[in-house]
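One-letter residues, chain by chain:
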Amino acid sequence: MGATASKLPKDQLSEYQELTFLTKQEILLAHKRFNELLEREDRQQIGGSRVPMNKILTLPELKSNPFRRRICQVFSTSDLRDGSLSFEDFLDLLSAFSDSATLEIKSHYAFRIFDFDDDGTLDTGDLEKLVNCLTGEMDNTRLTSEEMKQLINNILEESDIDKDGTVNLSEFQHVISRSPDFVSSFKIVL
Amino acid sequence: HIFCSSKNPHEESMSEGERARLMEEVEEKKKLIANIRNKPWRMKRRLKHLKEAQLFVDKFEGALGKGKGRKLYAYKVMMMKKWIKFQRDFENFKTACIPWERKIKEVESHFGSSVASYFIFLRWMYGMNLVLFSLTFGLVVIPEVLMGLPYGSIPRKTVPREEQDTAMDYSVLTDFNGYCKYSVLFYGYYNNQRTIGFLKFRLPLSYLMVGIGTFGYSLMVVIRTMAKNADVGGGDGEDSEFTFAWKMFTSWDYLIGNAETADNKYASITTSFKESIVDEQENQKDENIHLRRFLRVLANFLITCTLGGSGYLIYFVVKRSQEFANRDDLGWYEKNELEIIMSLLGLVGPMLFETIAELEEYHPRIALKWQLGRIFALFLGNLYTFLLALFDEVNAKLEEEKDIKNASIWFMKEYFANFTANNPNETGTPPPIEPADVIRGPCWETTVGIEFVKLTISDIQVTYLTILIGDFLRALIVRFLNYCWCWDLEAGWPSYGEFDISGNVLGLVFNQGMIWMGSFYAPGLVGINVLRLLTSMYYQCWAVMACNVPHERVFKASKSNNFYMGLLLLILFLSLLPVVYTIMSLPPSFDCGPFSGKERMFDVIIETIELDLPSFLGTLFSYAANPGLIIPAILLMVLAIYYLNSVSEAYKNANNELKKKMQMARDEEKNRRNNKDSTNQVMKDLEDLLPNRSNLPPPEEKKDKPDERKPKVKPGAAGNAVNLQKDVSLASVNPNARGPVTQAPGPRAPGPGNSRGRGQGPPPRH
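Since the structure is predicted, the reported quantities are computational estimates derived from the model, not experimental observations.

## Topic: the confidence of the model for chain B
Residues and elements named next belong to chain B.
Line of reasoning, step 1. Of the residues in chain B, 79% have a pLDDT of 70 or more, and the chain-wide mean is 76.
Line of reasoning, step 2. Within chain B, helix α15 (residues 525–547) carries the highest mean pLDDT (92), whereas helix α22 (residues 717–733) carries the lowest (37).
Line of reasoning, step 3. Across residues 1–11, where pLDDT falls below 50, the model places 14 contacts with residues more than four positions away in sequence or in other chains.
Line of reasoning, step 4. Scoring of the predicted complex yields 0.71 for pTM and 0.84 for ipTM.

## Notes on a nonpolar patch on the surface
Line of reasoning, step 1. On the surface, Leu465, Leu468, Ile469, Leu473, Leu476, Ile477, Phe480, Leu481, Tyr483, Trp485, Trp487 and Trp493 of chain B cluster together to form a nonpolar patch covering roughly 1300 Å² of accessible area.
Line of reasoning, step 2. Tracing the backbone shows Tyr483 of chain B in the loop between α13 (444–481) and β1 (497–498).

## A word on the state of the cysteines
Residues and elements named next belong to chain B.
Line of reasoning, step 1. The tally for this structure, following the rule as stated, stands at one disulfide over all chains.
Line of reasoning, step 2. Here Cys443 is linked by a disulfide to Cys592, with a sulfur-sulfur distance of 1.8 Å. Its torsion about the S-S bond being 100 degrees, the disulfide of Cys443 and Cys592 is classed as right-handed. Of this pair, Cys443 sits in the loop between α12 (364–422) and α13 while Cys592 sits in the loop between α16 (560–585) and α17 (603–611), and the two are 149 residues apart along the sequence.
Line of reasoning, step 3. According to the relative accessible area criterion, Cys443 is buried, its value standing at 9%.
Line of reasoning, step 4. A residue is classified by how much of its surface remains accessible, and Cys592, at 4% relative accessible area, is buried.
Line of reasoning, step 5. Here Cys97 stays unpaired: no disulfide links it, and the sulfur of Cys541, its closest cysteine neighbor, is 19 Å away.

## With respect to the confidence of the model for chain A
Line of reasoning, step 1. Taken over all residues, the pLDDT of chain A has a mean of 83, while the share at 70 or more is 91%.
Line of reasoning, step 2. Taken element by element, the predicted model of chain A shows its lowest mean pLDDT in helix α11 (residues 182–185) of chain A (80) and its highest in helix α7 (residues 103–114) of chain A (90).

## Re the packing of aromatic side chains
Here the distance between the centres and the angle between the planes together describe a pair of aromatic rings.
Line of reasoning, step 1. Scanning all chains against the criterion turns up 44 aromatic pairs over all chains.
Line of reasoning, step 2. Residues Phe472 of chain B and Trp542 of chain B carry aromatic rings whose centres are separated by 5.2 Å and whose planes lie at 50 degrees to one another, so their mutual orientation is tilted. One end of the pair, Phe472 of chain B, is in helix α13; the other, Trp542 of chain B, is in helix α15, and 70 residues separate them in sequence.
Line of reasoning, step 3. With a relative accessible area of 28%, Phe472 of chain B lands in the partly exposed category.
Line of reasoning, step 4. Its relative accessible area of 40% is what places Trp542 of chain B among the partly exposed residues.
Line of reasoning, step 5. Each residue in the set Phe67, Phe75, Phe97, Tyr109, Phe111, Phe114, Phe172, Phe182 and Phe186 of chain A together with Phe249 and Tyr254 of chain B is aromatic and connected to the rest through ring pairs, giving one cluster.
Line of reasoning, step 6. Positioned over the ring face of Phe116 of chain A is Arg70 of chain A, at 5.8 Å from the centre of the ring.

## Focus on the side chain of Asp119 of chain A
Line of reasoning, step 1. Mapped onto the secondary structure, Asp119 of chain A falls in the loop between α7 and α8 (124–134).
Line of reasoning, step 2. Under the relative-accessibility criterion, Asp119 of chain A is labelled buried at 17%.

## Some thoughts on the side chain of Asn382 of chain B
All names here are of chain B.
Line of reasoning, step 1. Mapped onto the fold, Asn382 is located in helix α12.
Line of reasoning, step 2. At a separation of 3.2 Å, a polar atom in the side chain of Asn382 contacts the side chain of Ser310.
Line of reasoning, step 3. When sequence neighbours within four positions are dropped, the list of residues in contact with Asn382 reads Ser310, Gly311, Ile314, Met342 and Leu345.

## A short note on the nonpolar core
All names here are of chain B.
Line of reasoning, step 1. One finds Phe119, Phe386 and Phe520 to be the most contacted residues of the largest nonpolar core, which totals 93 residues.
Line of reasoning, step 2. Sorting elements by how many residues they give to this core places helix α5 (residues 113–147) first, with twelve residues.
Line of reasoning, step 3. Apart from the residues within four sequence positions on either side, Phe386 is in contact with Ile314, Val318, Leu338, Met342, Glu451, Phe452 and Leu455.

Reading the values: rules and limits
- Residues numbered from 1 in each chain as written.
- Chains lettered and ligands numbered in written order.
- Predicted model: local features only at pLDDT ≥ 70, side-chain atom pairs only at ≥ 80, totals over all residues.
- Heavy atoms only, no water.
- pLDDT = per-residue confidence, 0-100.
- Helix = DSSP H or I, 4+ residues; strand = E, 2+ residues; numbered from the N terminus.
- Contact = heavy atoms within 4.5 Å.
- Patch = residues over 30% accessible without salt bridge, like charges linked within 9 Å, V, L, I, M, F, W, Y side chains within 5 Å.
- Areas by Shrake-Rupley, 256 points an atom, 1.4 Å probe, with all protein chains shown as cover.
- Salt bridge = Lys/Arg side-chain N within 4 Å of Asp/Glu carboxyl O.
- Disulfide = S-S within 2.5 Å.
- Buried < 20%, exposed > 50% of the residue type's maximum accessible area, 1.4 Å probe, protein only.
- Phe/Tyr/Trp six-rings, centres within 6.5 Å; stacked < 30°, edge-to-face > 60°.
- Lys NZ or Arg CZ within 6 Å of the ring centre and 35° of its normal.
- Polar contact = N/O pair within 3.5 Å; in protein donor to acceptor, adjacent residues only side chain to side chain.
- Core = buried A, V, L, I, M, F, W, Y, C linked by side-chain atoms within 4.5 Å.

Here it is, written out as structure tokens:
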């Protein structure tokens, strides 16, 4: 079966439909795109292989995203913590970012993506890194440290209900659930 | 906990209680299977749980299926499985049927989700119009074409003798006269026979019902979409509640897949951060509030003048077009003057409003709302002036009709007299008059239909021309002339155009309003609109990708989804009014259309009730139409609205109270933990009243508190135990720390949200 990609077995397909928010076409499309990212020799056993992070980042949907590395790291189940994704991780990613995913799922994953140091809360360091991601790579678009401090103070004032200097998951979800933009902008479609 | 009871399928050894518990467990597992995708777990874990649950269900459904009612139970289970599979396949099929997904996704990745929302709206409109078209086509046009009398057989379906030589001319056809006028496109073609064909299809009744059903269906669809949007948007929260947090967490549009757009987005996010920081710091230095107020009043006055002026202009032009109708030597401009003027006003008006609005200096979001409101008023005023003028014309035609009726009766008498005079030997009835020779009434409904069709067509032409010239030509000039021009055309003026979302959406909404108004008099109008929306989709997608650049200032009027739907709803009601008025109070023409010969159009319903339905239904309807029944029903509905309103107010208040309580409780706990004074004023006053309040200053331990306070431990019981111990140790040092009136530490959760760190259960909302 030379260069042709492996097909997804039917029972796995229906299982994945149960487990994710994706439709059949979306799962098949994901399978195709994932296959293209794999090395030729790995294509036969798509279940076990992992795609390294730099390959994932070549996907056009992720290429321009400032959080692309964090997204890969959050969804990766690799023991080496290198951000590589297996096919199931990839499906997890698409499911969380799909149109029909619930607000809870999206806000849960958003929290984990923004938590740069993986400690379960968003503290000043996380927020600083977040702002720097959002303002781009160029130096002329970054905020000065004065502005950064002011900004972070304002944010903590708004969202930190228990005044402990960090934003934890339920405070984050409280803020996000009131936002009208979040669900429609937190979307990635292949 | 697996039930190890009866493995023997032949024994009914399970008691009722055990059976019930087993059933409950099976149900629970089934619910787990249905909801498993909602859990934020890894795929492997979900898969494991899914398999476990499925195994359990399979095993014990079999066991449960024995004994009493087992056949029914097994059958139910099988049906449920088949139903779920069918639902899933149907969902997949429905998603596959949605057109233009790729196109819209491309636009989204280049321009962000706000521009794409226009195309999604366009697609939704297309779907709705398609349904309306199939209703009209299937229930009105097809029956008349298939089962009604053919062209040329009766006067209303034939071109009159005087017009026959010019009936095929291009200029006449583009005016929708000639063969167009006497075709299925317009009201006048339809015959008023009560039943047609061997199926006894009641065409007049169907015509009326489809007309009303159009509005009913549109209303239902718009309200359903509004309700869905309201759910997602979370209703009307205060705008400024979480500005900074939202800017941080929700401003990035994950659909952006293009580097240039991403750069633009970075720039706009930075600008908006800097702006809001500055805003927050400055706090509105109010230079001169009187000057600002004066300018705003001036601006509103100017705009009202413009609106009045445009209304008058339209009225004047309509009057002129009525005079033109009596002349024959008309150039192209005079014939289309009305439509041209209306379209031009629609173009120039918004630009004028924007310039005047510079005086007002509002925040951009508020300014946008004002702008949209004014454009809305402009279009509405224009439309209604147009309608009023049209009504004048209709009344004039109704007057004319009376004369023509007499004239035609006289003509017929003369024809018979001539016939008997010329053929004295013939007995029996003379042959009927040639349909083309009969004197025809003015048929006001067809005239109204023609006006609406002409308006729609000219609107389409103006829109397409504007895109061609304003966007495409501009892009061409900027691109190619840039090589030999003195200043940089791309960076400075005029540069490439940006896609005007609100202008386009409003145009779409008003176009739909015109369709609703006109489709009763011109059944073909809906078909024209479907074609228009189809071509619009492809044309505008191409134009946006080829000629436009992403917005510089990407700011979202994001609750505007429901705003546009609200506009659509308003337009629906406003276009319902004229149609209902004409149905109820104007007499239909005597010789054209499906209601000819009746006093009022809705007489056809009364006729149907009397003749076709059993008699008791007739008496039932007459009771239902009694004012004595209708007025109490209306009162009841008003009371219900009032009641629901006050219930929702009460819920809002309760919500606010709970929020305040939560805030207070957390503040108290925080203060207690940090040994600070209570920030709650009530508590403070209470504490001041207490006798043993000495004046010990707060200890210096406060200084090292910020460092100790946030140990970077993983969420879980261990971390919290550490915190508590710290609190206890501090308390013993500072005797004055506790305000004696705070609550007991008791069974409090270890800290807001700490126990819900990593997917250990759904968050406590919804």
